[in-house]
Amino acid sequence: GRRDIEAVGVGVVADEEDSGRIKLGSVGQIVPGVSLSIRSEQGEELSTGSDGRLWIESSAATVGYWDDAAATKAAFRDGWLDSGDVMRVDEDGYYYFYGRKKQIIVHDGSNISPQEIEGVLLEHPSVESAGVIGIHDLVHGENVRAYVTIEEGADRPTSQELIRFARAKVGYKAPDEVFLLAEMPLTASGKVDRASLMQMAEANLSGAGRGS
């Protein structure tokens, strides 16, 4: 839902330490001078606890994209900016990030966050890194595919073992398939490079191969 705070500020989400309270997994609460609204794809404001697109209203927000009227029109509506982030807010006003809209995996009409599934796979004692992407599927829309690397010296789990591990924690959101990599592709900032994983998938490559 929408939450408004008066005074002026330039940030969107505040550090939780400012309020003296920390909620695991939350990115915090909104700062003064910013209004946030979580909306559906149709632009309707959603209730607390629902995943949706984060819209921002602030005097500090940009007025548009340089020399790109089409992009400005797509991103702005009545003074509100479409952040492109999928988020959720709880009853205490704490926000949770579920990924960029273009990264969200839509499986049988449900939105699945790559970050959430990566976090679950990282809980496995043998998994060193994890990257999750959506693979186009005619029946389900997209299927969840995960790539993982294994900690040096750790037992090497099979693909099915990792799928069962994730399914026990997140149910239907669990990967449909898991590939084991010798090395995880990373961006210049050290984050998992999902674009490279998508290219890998499109080229039908899987690094070290699927766990057996």
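Anything mentioned here points back to the structure above.
What comes next is a walk through the structure.

Cut-offs and rules
Residues numbered from 1 in each chain as written. Predicted model: local features only at pLDDT ≥ 70, side-chain atom pairs only at ≥ 80, totals over all residues. Heavy atoms only, no water. Core = buried A, V, L, I, M, F, W, Y, C linked by side-chain atoms within 4.5 Å. Buried < 20%, exposed > 50% of the residue type's maximum accessible area, 1.4 Å probe, protein only. Helix = DSSP H or I, 4+ residues; strand = E, 2+ residues; numbered from the N terminus. Contact = heavy atoms within 4.5 Å. 1 Å grid on protein atoms, 1.4 Å probe; cavity = no way out; pocket = protein on both sides within 12 Å on 5 of 7 lines; lining within 4 Å. Points joined across faces, edges and corners; volume = space filled by probe spheres on them. Nonpolar A, V, L, I, M, F, W, Y, C, P; charged D, E, K, R; others polar. Pairing = 2+ DSSP bridges. Right-handed = clockwise from strand over helix to strand, strands pointing away.

This part covers the nonpolar core. For soluble globular proteins, nonpolar side chains are generally found buried alongside one another. Core analysis: the biggest nonpolar cluster contains 19 residues, and I117, L121, V132, V148, L162, V178 and L180 have the highest contact counts within it. Of all the secondary-structure elements, those providing two or more residues to this core are helix 2 (114-122), strand 11 (127-137), strand 12 (141-150), helix 3 (159-170) and strand 13 (177-180). Aside from chain neighbours lying at most four places away, what touches L162 is L121, H124, V127, V148, P157, V178 and L180. In terms of nonpolar packing, the next biggest core, distinct from the first, is built from 10 residues, I30, V31, I56 and Y95 among them.

To continue, consider the layout of surface pockets. Over the atoms rolls a probe the size of a water molecule, and in doing so it shows where empty space is left. Counted as a void, the largest pocket has a volume near 370 Å³. If you go around the largest pocket, you meet 17 residues; those closest to its centre are Q103, V192, D193, R194 and A195. Contributions of two or more residues to the lining of the largest pocket are made by helix 2, strand 11 and helix 4 (194-202). Looking at the lining of the largest pocket, its residues break down into eight nonpolar, three polar and six charged. Every residue lining the second largest pocket is listed: L24, G25, Y96, F97, Y98, S113, Q115, E116, G119, V120 and E123.

This next bit is on the pairing of strand 12. Across the 10 residues that make up strand 12, a large majority, eight, are buried. Two successive antiparallel strands, strand 11 and strand 12, enclose a turn made up of three residues. As judged from the four bridges shared by strand 12 and strand 13, these two strands associate in the parallel manner. Residue pairing across strands places A146 opposite V178, the latter belonging to strand 13. You can see the chain leave strand 12, run along helix 3 and come back into strand 13, and the turn it takes is right-handed.

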